[in-house]
Amino acid sequence: MEPTQTEGRDASTGALDELANDAASRSKFLRMVGGAGAAGAFSLLLAACGSGKKSASATTAAPAATGTSTTTATAKTGTEQFGAGDLGIANYALTHEYLEAEFYKEVAASGLFKGTQLQLIKKFGDSERQHVDALTALIKSVGGKPAPKPKTQFPIDNAKSVLKLAATVENLGAAAYLGQAGNIKDKKILAAALSIHTVEARHASALNRLLGMDASPDGAFSKPATADEVLKAVKPFIAA
């Protein structure tokens with residue numbers, strides 16, 4: 001994957017803003033992420049993430065969620081500890097994927113699950129490992145250095161508590177990607193983030209139902225999470 005060219009446009013403009021205002025770019029992007037069927041999802045994404053500018057149709061998107069402002073080049077995303085700009089966001093996502101992949105690996109080996117539940121856990125773990133591989137390759141392709149894999153510590157005590165933790169982590173993962181979507185400048189990185197976001201949301205939905213919870217606890221529209229919220233939530237799972 002080659003780096004996206006960003007010369008000739010305002011560096012403070014996020015990919016979502018550019019796509020909302022440029023019909024040609026939007027059409028190309030929608031083909032990249034799934035064709036015409038992705039148009040409705042893109043409109044909902046704009047509403048969820050917010051846009052700092054009016055779209056070409058002169059409609060105004062919902063206000064940007066906390067931590068997702070794209071109006072200035074120096075706006076903070078909360079991911080700066082992982083690197084500058086899009087690389088920081090990508091490494092932030094990679095760190096979360098590391099945690100998920102390791103979590104499912106340990107759960108699968110714990111002996112707490114059998115049959116269809118074990119197969120589901122292994123399937124989810126395989127997806128997370130693929131996310132790690134994809135993000136690692138993406139970061140390298142744009143000249144970045146992938147974040148190191150953190151040491152982890154998970155409370156794997158009993159089946160019910162593990163399923164609750166899995167649901168929490170997957171719901172958090174989906175919210176994390178949504179929370180950063182408005183900050184991403186590179187459309188290829190945005191496309192990768194959105195493709196992973198949908199899988200995280202599906203994992204979360206399946207686990208929610210397995211626990212007898214609402215498949216979509218936030219209702220018709222997902223709620224984004226800031227990097228500060230996500231990092232605080234996963235801190236107990238990262239060994240000092």
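The model shown is predicted, which means the values in this text are computed figures rather than measured ones.

Tallying secondary structure elements over the protein chain gives eight helices and zero strands in all. Across the protein chain, helices and strands are ordered from the amino to the carboxyl terminus as α-α-α-α-α-α-α-α. A buried classification covers 43% of the 240 residues belonging to the protein chain. Within the protein chain, contacts between residues at least 6 apart in sequence are counted, and of these 77% link residues at least 24 apart. If you sum the accessible surface of the protein chain, you get close to 12100 Å²; carbon and sulfur atoms cover 57% of it.

Now for the packing of aromatic side chains. Taken as a whole, this structure holds five aromatic pairs when the rule is applied. When the ring of phenylalanine 103 is compared with that of phenylalanine 154, the centres are 5.3 Å apart and the planes differ by 65°; the resulting orientation is edge-to-face. Taken together, the residues span a long stretch of sequence, with phenylalanine 103 in helix α4 (residues 85-109) and phenylalanine 154 in the loop between α5 (115-141) and α6 (159-181) at a distance of 51 residues. Here phenylalanine 103 and phenylalanine 154 have matching classes, each one buried. Pairwise contacts between aromatic rings join Phe103, Tyr104, Phe124, Phe154 and Phe237 into one cluster.

On to the pattern of salt bridges, then. Enumeration over the complete set of coordinates arrives at two salt bridges. Two residues, lysine 149 and glutamate 102, come together in a salt bridge whose shortest N-O distance is 3.4 Å. In this pair, lysine 149 sits in the loop between α5 and α6 while glutamate 102 sits in helix α4, placing the two residues 47 residues apart along the sequence. The closest approach of N and O atoms between aspartate 126 and arginine 129, which form a salt bridge, is 3.8 Å. Taken as a pair, aspartate 126 and arginine 129 lie in helix α5 at a separation of three residues, close to a single helical turn. In this structure aspartate 126 comes out as partly exposed when scored by relative accessible area, which is 34%. Residue arginine 129 is classed as partly exposed on the basis of its relative accessible area, which comes to 40%.

Attention now goes to α5. Between its first and last C-alpha, α5 extends 39 Å over 27 residues, near the 39 Å set by a 1.5 Å rise per residue. In this structure, the buried residues of α5 make contact with α4, α6 and α7 (187-210). Trailing α5 by a residue or two, glycine 143 shows a phi angle of about 85°, which is positive.

Okay, the side chain of aspartate 86 next. Checked against the element boundaries, aspartate 86 lands in helix α4. Not counting residues within four places of it along the chain, the set of residues in contact with aspartate 86 comprises Asn183, Ile184, Lys185, Asp186 and Ile189.

Reading guide: rules and limits
- Residues numbered from 1 in each chain as written.
- Predicted model: local features only at pLDDT ≥ 70, side-chain atom pairs only at ≥ 80, totals over all residues.
- Heavy atoms only, no water.
- Helix = DSSP H or I, 4+ residues; strand = E, 2+ residues; numbered from the N terminus.
- Buried < 20%, exposed > 50% of the residue type's maximum accessible area, 1.4 Å probe, protein only.
- Contact = heavy atoms within 4.5 Å.
- Areas by Shrake-Rupley, 256 points an atom, 1.4 Å probe, with all protein chains shown as cover.
- Phe/Tyr/Trp six-rings, centres within 6.5 Å; stacked < 30°, edge-to-face > 60°.
- Salt bridge = Lys/Arg side-chain N within 4 Å of Asp/Glu carboxyl O.
- Expected span 1.5 Å × (residues − 1).

Keep in mind these numbers describe shape, not what the thing actually does.
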